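A look at the structure
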Amino acid sequence: MNTGLGRNEAEREGSHKEYVIFVGDIEEKWREAHVSAEKIMREAGVTEPDKFILEALDHKGGNPVAEFTSKDSVDLAAKDREFFRITPGGGGRS
Amino acid sequence: MSDAEAELPAPFAEALAYVHSHRDGEVRIDAVKDNFAYLWIGSIAKNQSSETPGGWIRLPLAFPYANPHGLVTREALRSSGERLVSDGHNPNHDMCAPVRGVGGAHYYSWTWENAPQLRSPQDIVGVVQWYERRIRLG
């Protein structure tokens, strides 16, 4: 049956939705649509998420289309919110 | 394997092998100067479809125990708005000299300041992504 749900949105036992995302090769499942980038990065094993950027990709291994700091909330129900990568933040110039 | 690659410190060699297996496109060392390797990554993304991907990351031979410093490109980088990226841009800088013979002409003096500490050879993939983000931010 076609439920009409998004590609990373699964429906379980009627009312419970689950958002399946990939941070690199790591699969994460979230029950809520809005999750902090900090939680997503910590779930992927990052111990200092404030020093990293969560980048949403247009497809697996693709190009970044949005980025989130640890303070941001990520809408997992939005377009292009299935595949992510974690990139170091910071930087200066000499 | 080039002569330069055959003499690399083990952690650097491990990083090179890792980025070979985790990034599409060409990865090679085109020069070594002053304890920095000029690591060509052919898949480094640019902002404009008219730009050819790729660039040389100046990666210390002591990686990951020392930080990357600078990027060399063949063409001047463009921002998403088509203007030239001016942050740290040094056209025809001396830092381009080791790869000038293969087209290196623009040096971006971007440092690892305030970035997270590098801990393992596998962090090389994050380094490449960090350079792509710097290019994207313009």
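Residues numbered from 1 in each chain as written. Chains lettered and ligands numbered in written order. Predicted model: local features only at pLDDT ≥ 70, side-chain atom pairs only at ≥ 80, totals over all residues.

Looking at the nonpolar core
Applied cut-off: Think of a nonpolar core as buried Ala, Val, Leu, Ile, Met, Phe, Trp, Tyr and Cys residues, each tied to the set through C-beta atoms within 7 Å. Buried means a residue has 20 or more other C-beta atoms within 10 Å of its own C-beta, exposed means 12 or fewer, and partly exposed covers the counts in between; C-beta atoms are placed from the backbone. A run of H or I in DSSP counts as a helix once it spans at least four residues, and a run of E counts as a strand once it spans at least two, with each numbered from the N terminus. Two residues qualify as being in contact provided that their C-beta atoms, derived from the backbone, are within 7 Å of each other.
Counting residues in hydrophobic clusters, the biggest one holds 35 residues, and the most contacted among them are B:Tyr38, B:Leu39, B:Trp56, B:Ile57, B:Val72 and B:Tyr131. Those elements that provide at least two residues to this core are α2 (10-22), β1 (27-33), β2 (36-41), β3 (55-60), β4 (69-73), β6 (106-111) and α4 (124-137) of chain B. If we skip the residues at most four places from it in the chain, B:Val72 touches B:Tyr38, B:Gly55, B:Trp56, B:Met95, B:Cys96, B:Val99, B:Gly104, B:His106 and B:Tyr107. Of all hydrophobic cores here, the second largest spans 14 residues; its members include A:Tyr19, A:Ala44, A:Phe84 and A:Ile86.

Observations concerning the interface of chain B and chain A
Selection criterion: Asp, Glu, Lys and Arg are counted as charged, while Ala, Val, Leu, Ile, Met, Phe, Trp, Tyr, Cys and Pro are counted as nonpolar; the rest, among them Gly, fall into the polar class.
Taken residue by residue, the interface counts 17 residues in chain B and 15 residues in chain A. Sorting the residues of the side of chain B that touches chain A by element identifies β6 and α4 of chain B as the ones contributing at least two each. With six residues, α4(B) is the largest single contributor of residues to the side of chain B that touches chain A. Of the residues that constitute the side of chain B that touches chain A, the class distribution is six nonpolar, six polar and five charged.

Quick look at the environment of B:Glu5
Relative to the helices and strands, B:Glu5 resides in helix α1 (residues 3-6). Filtering out sequence-adjacent residues up to four positions away, B:Glu5 remains in contact with B:Leu16 and B:Ile29.

Looking at the pairing of strand β8 (residues 83-88) of chain A
Side-chain positions along a regular strand alternate between the two faces of the sheet. All names here are of chain A. What counts is decided by this rule: Pairing between two strands is assigned when DSSP locates at least 2 bridges connecting them.
With respect to burial, β8 is a largely interior element, five of its six residues being buried. Bridge analysis of strand β2 (residues 16-23) against β8 gives two bridges, and the strand direction is parallel. Bridging from a neighbouring strand, Phe22 pairs with Phe83 of β8. Examined bridge by bridge, strand β5 (residues 52-57) and β8 share six bridges and lie antiparallel to one another. Within the sheet, the bridge partner assigned to Leu54 lies in β8 and is Ile86.

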